[in-house]
Amino acid sequence: GWRSRLLDAHGGEEKSVEGMEEVYLGGWMAVRALFTGCYPALGHLLQNHYSARFSAHQGACSAILSPRLLRHHHTATQPQQKRISEIFGRPDVPASKLVAQLVQKLPGVPKDHEDVGVSMEELEKFAGWMFETHGERLNKLSPRKFESGRELFEVLAFPLEEILR
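An account of the accompanying structure is given in this report. (Residues numbered from 1 in each chain as written. Predicted model: local features only at pLDDT ≥ 70, side-chain atom pairs only at ≥ 80, totals over all residues. Heavy atoms only, no water.)

A few points about the overall build of the protein
Helices and strands together make up the secondary structure of the protein, namely nine helices and zero strands. Taken across its 165 residues, the protein has 50% of its residues classed as buried. Counted over contacts in the protein with a minimum sequence separation of 6, partners at least 24 positions apart contribute 70%. As displayed, the protein offers around 8,200 Å² of accessible surface, 51% of which is attributable to carbon and sulfur atoms. (Helix = DSSP H or I, 4+ residues; strand = E, 2+ residues; numbered from the N terminus. Buried < 20%, exposed > 50% of the residue type's maximum accessible area, 1.4 Å probe, protein only. Contact = heavy atoms within 4.5 Å. Areas by Shrake-Rupley, 256 points an atom, 1.4 Å probe, with all protein chains shown as cover.)

What follows is the structure in structure tokens.
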């Protein structure tokens, strides 16, 4: 299935557009699994704007943002995220951690904001703009509402090291 394809995707290639496409597909499937609690367009909306603002490939956007969005929505989407963990064969591990671990194994795929040249200052401005411009829409698509651009920034900037612990 998709999991084994993703794990084996293009082992060893320094840069792999196909690997990025696999991450995009995997991220989409992970968010899609949350369908009953978190319509998949939330991730898609953020990723499209991130991609456009920072010229980052959609696969990179999925790799960078999906673990953080899963973490943020964990309490509001526990049953759906449990399904993701079960698909990975590790029902007691948070879905955000499993997706982050998967991304870490993919060669040539940017894994964090600095890998696509995005500074924390730029990310903070982006989060503020997203909330000001699309906050109502983001919250319609989100089971756990964002209260401010600052909160959105904190979600998007959450350290991957913390998710991977």
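The structure having been displayed, the exposition proceeds.
Quick look at helix α8 (residues 149–156)
The buried fraction of α8 amounts to six of the eight residues, a majority that puts the element mostly inside the structure. Listed in full, the buried residues belonging to α8 are G149, E151, L152, F153, V155 and L156.

Details of the packing of helix α4 (residues 58–72) against α8
It is at 8 Å that the axes of α4 and α8 come closest, and there the two elements cross at 120 degrees. It follows that α4 is oblique to α8 by the angle criterion. In this structure, α4 contributes L65, R68, L69 and H72 to the contact, and α8 contributes E151, V155 and L156. (Axes fitted to C-alpha atoms, helices over the stretch in contact; angles between N-to-C directions. Parallel < 35°, antiparallel > 145°, perpendicular 65-115°, else oblique.)

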